[in-house]
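Descriptive analysis of the structure
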Amino acid sequence: MSIRIGFYICHCGINIAGKVRVTEVADFAGKLRHVAVARDYRFMCSDPGQAMIEKDIHDYGLNRVVVASCSPRLHEKTFQSACRRAGLNPYLFQMASVREQVSWVTPDADEATGKAKSLAAAAINRVVFHHGLETREVPVHPDVLVVGAGIAGMQAALDIAAADHRVYLVEKSSTIGGHMLQFDKTFPTLDCAACIGTPKMVDVVQHPNIKLLSYSEVTELSGYIGNYRAKIRRLPRYVKEGICTGCGECAAVCPVILPSEWDEGLGSRKAIYRAFPQAVPITFCIDKNDRAPCVGACPAHANVQGYIQLIKQKKYKEAVQLIMERIPLPGVLGRVCPHPCELECRRSEVDSAVAIRDLKRFAADQVDFETLDIPPIAENDKKIAIIGSGPAGLTVAYDLRQKGYGVHILEARPELGGMLRYGIPDYRLPQAVLDAEIGYILRMGVTARCNVRFGLDITLKDLEQEGYGAVFMGIGAQECLKIGIPGEAETSGVLDAIRFLREANTKSETTPDLNGKKVAVIGGGNVAMDAARVARRLGASRVTLVYRRTEQEMPAYADEIHEAREENIAFQFLTLPVRVIQAPDGHVCGLECVETRPGEPDADGRRRPEIIPGSEMIIDCDWIIPAIGQSVDSSWNDAACPLECSPKNTIIANPKTLQTSIPHVFAGGDAVSGPATVVDAVAAGHRAAEAMDLFLQGLSLDSLQTEIPYSGQRWKEIPVGCTPKARAQLSCREPAGRGACFAEISSGFSEDAAHAETERCLNCGGCCECMECVRACAAKAIDHTMSEASLEVAVGTVILATGFDLMDPTPLSRFGYGAYPNVFTSLEFERISNATGPTGGKILMRDAAGEFSKPPESVAILHCIGSRDVNCHEYCSRVCCMAALKYTHLIKEKVGHHTRVYDFYIDMRCFGEGYEEFYRRCQEEGTQFIRGKVAEITDRAIGPAETGKLIAIAEDTLLGKCIRVPVDMVVLCSAIEARKDALSVGRIFGVNLGADGFFLEEHPKLGPLNTATEGVFIAGACQSPKDIPDTVAQASGAAAKALSLASRGRVTVQSIISWIDPDICAGCQLCIPLCPYSAIEFDDRRKISVVNEAICKGCGSCAGACPSGAAQVRHFRKEHVFAEFEGMMDAICNPGGRK
Amino acid sequence: MEAFEPAIVAFVCNWCTYTAADLAGTSRLSYPKSVRLIRVMCTGMVDPQYVLKALLEGADAVLVSGCHPGDCHYINGNFKARRRIKLLKEILPRFGFEPERLRLTWIGASDGIQFAEIMQKMVAQIQAIGPSKAGRMAA
């Protein structure tokens, strides 16, 4: 059948015909090959225009149609329908855009006509190769997904639900309602936003067809119109919906106070919270971030933030119990812990770290361990033995006893405590503190036998025979390393630091009498500090600390060094002992040393001391106390069942499970790690206890989770207004009084100091997991272990109603927001005016202390902050004029008519129903309207009338002069802008953003609810700034769009999809990995690739890559594109046209 | 001497650059008539043959333009185009064409102003290079 083309060019009034000589184009086209009829007409899209095409198809037997008019995005479907009505397959139609691409963009008429001809020729040449395509229909899933449950989302969901379709309503906050529910009143009718909003919220949650998914986000959308699948991430609320009764007891006891987002940060809320009393769902929600950095930094992972918050609430017993979940010796660690937690404390970004260790001590000091409750213990019949009662052994005893095991401690020395008792001097850790805490552990039912030396009095075999299922070796590192210099071993008066401290601590008779003696302590660690300071307390007249490197390299803690200096300990740095000098009586009379200088760095990066030749000198001394390190005493090691040890004598244990070479023997603490801190020993004790528990139950140790993942970064932001506050300091006794006294050097915090210190905690983790809420919840609705869940739903269509963000005016520093406490944004003003807001609905201003205290006498309201501003947003935010009018009214009504209100506007835009009337009413109420944008808000007064006020400096453009208006309060009508995550959300749903950042509609006038993705609609302020009536109307419109698809149940989809010619395909499979939808499969039998038409979307990735040309997109085949191009080029080369 | 009137063919994707061209039209932003658009569904379907054919048949330059990275209506078609255009530019000199005669841009649906600006600049650039010496028109 020969090809007969009908060509039509539209005048579009004068839109096209004003530039393009349409009759000339029609004449030109009429002369082209295959063209049977060529016409021009005023409005091709009008009914007569379409009728003309239909008639010509019949009269001239046309089998192809080309229309040159506007963009095919506007009217392609119109003309395709006309063809279909006349019996012509709609794909035998082609359109040339001679308006958007020619007449509107080409100023010269000759040029425009020429270009129109070339585009017409291109379309005509292309349409020759068109084939009729079958229309494809797919079923539409009846359910609808609505994203965002502000007023738009709620309205759309209710409309759809009312038509008996199921709606999944996804809201990212903990409550539905959106911005509208934050407002006080709504203009112009002054309806209370809550009064008209909360019934909708209740309708939503009660409607059987609406499945509300609050605190959830859509993470992925796949599929196509009518057949979408959405993946939804449900964030954990940590409170069970349906069980929570909303009573609020949990919030009453929660110690963590955080700024309330709902109140725009003007008020506060607890970590367990509900946005506002009428929130829907009523279920509370716990705000958890990653665990605070202090918790992660603590080797024992003590819940630092938790106990600090409990101390703040004066719940000392609970605080100590929380500490004791991870640290069985709170008073001890509260004194001697090197507090690695404080190094990570984020308060140091503001001023300095919170005094965590001292607060722990404070809490422990408030509690009587003799009466502290023992947790209920479920006994079992297994028993374990612990060798050594240092911090590691005591932790194992404490943990396993709580799990119900019979625990027996064996201790070589006369009393329990290990190094805590025998190594740490009393002035740092009083024995009474240790006794009380060990007493508590014994009270739990742990038994102990002292003066039993392992290996000598009892062996591993004995323990096994006595029925101990597992043994923990926490024997510590009790030996002092030798210096290895001549005279060290044989001279009396050389006493290693460990023994020296032990004897001093136990006030043993063999303690050397140092009264009036000169003592040299060798070493630079904490033990050396202890030895030196104890020597001073025992009456030594001079104590010299000899260290071979410089002070910077000393391993001792800085405060120890500082306190030692205060006690007149002499430091001799860069000095290396080489010989002990013996007096004739065999006692020490001096220490020969040489001077050193820092040399090359060694393995640990510290510079190795080099001896300076000829620098020998003698330190005059009566006693020498070496403190250069400790080692493990392994003399107990039983030949019958020897434990594997390292060359340094430490016990070798699996670092995860702390199991030794003998399966039922576990080991930890200094005995395994070498000398380390108390808190490291406690951490090791926990690890061993966990492993031993599994071992005793006969379970595999592989399942042991050694490290709780605390590696967090997602912490609460440090509040902007966080002002530096000095860290509380422990009061230390005067150095003069310390000299000969072993009483504790520092007294703990006073209660006031402790509370002030707890206030400095930034609550990095949000919820502190103190579990107070769990205890308070009668309904048992709280579950701190809840985790994120995901859910997949099938829907036919999607409505996006994600709303807007209010622009943060801080960067516009001239308006003083953030600098002056009484400059507020519009949303903040709404909260101040709202009955559920921070002021209970009273319009108050902040006083010097930042509290809302007294009403303003004058207020300036500034329009267009960030809107209609080429430096911010060029668009008008549309609602601010009316909102500002509402504020003027509310101030006059609530504060009183005497209040002076100044409204600075550029233009008043009161366009809606009842808006202009409301404007008039506000004018009559006495608000002073000033036409002019405020240039600056300042507090720099130039006269007594301005003193203490904020001054709005503006030009009154009606008077033509500059004015200064002193006011008490300023309200900035900040711009409405697109959501910060609009780009990423848009990408999930295939919706583009406009230049203003809002979601882009398909057409600004004719498709304001549609998007580039079919079946995805937009409603409300996510499309552009809108007031409530427009938002609700658009939501109902979007609901209607979704319903029209859902109720018909079928939809026509693009026939433009890929096809692989089986006769050409060589089976190279190049296309298969390229397909973004995995729509191409390889047919193994025929050895060719095949397109699954149900999945293909027609992007043509395959066609672009196919080497043989077998893969082609229907309607966009190579011959179509080539023909279009050739037609175009022919017209350029032969402007006169040819047949 | 009067600047020559280059013939520039632009293969533009339906979702972004074609829409931007519509927006440029609606906003009455004029640009030289020598740019002519051929609509494709996605830049990912632009076969290298399209470009070569256009240049050989007389176009002085070819523009391929699609959605911004990450915005592709078909997930990642624009990235495929980017790879192809990169390779194509390398082999163009063997056909006697300067690589500057082929250009790839991202012009989003709301970038009407950018569309008109890029068209103006591109025409000026091609005018500076001069007419294609290897295409049909030169023969």
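Before going into details, it helps to say that this report is about the structure given with it. This is a predicted model, so every value here is computed, not measured.

Each value, and the rule that gives it
Counting of residues starts from 1 at the beginning of each chain's written sequence and follows it residue by residue. Labels follow written order: the first chain is A, the first ligand is 1, and so on. Per-residue local features are limited, in this predicted model, to residues with pLDDT of at least 70; the limit for side-chain atom pairs, both in listing and counting, is 80 or more; totals at the level of whole chains, interfaces and linings are taken over all residues. To obtain the side-chain values, all non-hydrogen atoms of the structure were included, while hydrogens and water were left out. Secondary structure elements are taken from DSSP: a helix is a run of H or I of four residues or more, a strand is a run of E of two residues or more, and numbering for both begins at the N terminus. In this treatment the radius of gyration is a C-alpha quantity, and the globule benchmark scales as 2.2 Å times the residue count to the 0.38 power. Relative accessibility decides the category of a residue: with a 1.4 Å probe and only protein chains considered, values under 20% of the type maximum give buried, values over 50% give exposed, and everything between is partly exposed. Note on contacts: a residue pair is in contact if any heavy atoms of the two residues lie within 4.5 Å. Residues scored as positive are Lys and Arg, those scored as negative are Asp and Glu, and His as well as the terminal groups of each chain are ignored. Working definition for charges: the position is that of NZ of Lys, CZ of Arg, CG of Asp or CD of Glu. How far a helix is expected to stretch is found by multiplying one less than its residue total by 1.5 Å. DSSP bridges decide pairing: two strands pair if at least two such bridges lie between them. Helix axes are fitted only over the stretch in contact, all axes being lines through C-alpha atoms; the angle between N-to-C directions runs from 0 to 180 degrees. Like-charged residues are merged into a patch within 9 Å and nonpolar side chains (Val, Leu, Ile, Met, Phe, Trp, Tyr) within 5 Å, provided each residue has over 30% relative accessible area and no salt bridge. The Shrake-Rupley method, run with a 1.4 Å probe sphere, supplies the accessible areas, and residue values consider only the shown protein chains as cover. By salt bridge we mean one thing: a side-chain nitrogen of Lys or Arg within 4 Å of a carboxyl oxygen of Asp or Glu.

For the rest of this paragraph, the subject is the overall build of chain A. The secondary structure content of chain A amounts to 34 helices and 53 strands. Here chain A has a C-alpha radius of gyration of 41 Å; the compact-globule value for 1139 residues is 32 Å, and the former is much larger. Projected onto the principal axes, the alpha-carbon positions of chain A cover approximately 135 × 90 × 65 Å. Looking at chain A as a whole, 57% of its 1139 residues are labelled buried. Look at the contacts in chain A between residues 6 or more apart in sequence, and 70% of them connect residues 24 or more apart. A distance of 5 Å separates the average location of the 123 positive side-chain charges in chain A from that of its 140 negative side-chain charges.

With that settled, consider helix 6 (residues 151-162) of chain A. Helical geometry: 3.6 residues make up each α-helical turn, so side chains three or four residues apart lie on a common side. Residues and elements named next belong to chain A. Taking 1.5 Å of rise per residue, the twelve residues of helix 6 would be expected to cover 16 Å, and the 16 Å separating its terminal C-alpha atoms lies within 8% of that figure. By the criterion of burial, helix 6 is predominantly enclosed, with ten of the twelve residues buried. Among all positions in helix 6, only Ile151, Ala152, Gly153, Met154, Gln155, Ala156, Ala157, Leu158, Ile160 and Ala161 are buried. Where helix 6 is buried, its residues meet strand 6 (144-147), strand 7 (167-170), helix 7 (193-206), strand 10 (210-213), strand 35 (797-800) and helix 31 (1028-1048). Backbone geometry just downstream of helix 6 places aspartate 164 in the positive-phi region, at approximately 70°.

All names here are of chain A. With parallel pairing, four strands are arranged side by side in an open sheet as 24-23-22-29. The sheet is open, and its two borders are formed by strand 24 (570-572) and strand 29 (623-626), each paired with just one other strand. Each strand axis lies, on average, 20° off the axis of its neighbour in the sheet, ignoring direction. Pairing analysis gives four bridges linking strand 22 (residues 518-522) to strand 29, with the strands arranged parallel. Bridge pairing links isoleucine 522 to proline 626 in strand 29.

Once that is clear, we can look at a nonpolar patch on the surface. A contiguous nonpolar patch, built from Leu56, Ile91 and Phe95 of chain B and spanning about 230 Å² of accessible area, is present on the exposed surface. Considering the arrangement of structural elements, one finds phenylalanine 95 of chain B in the loop between helix 3 (77-91) and strand 4 (102-106).

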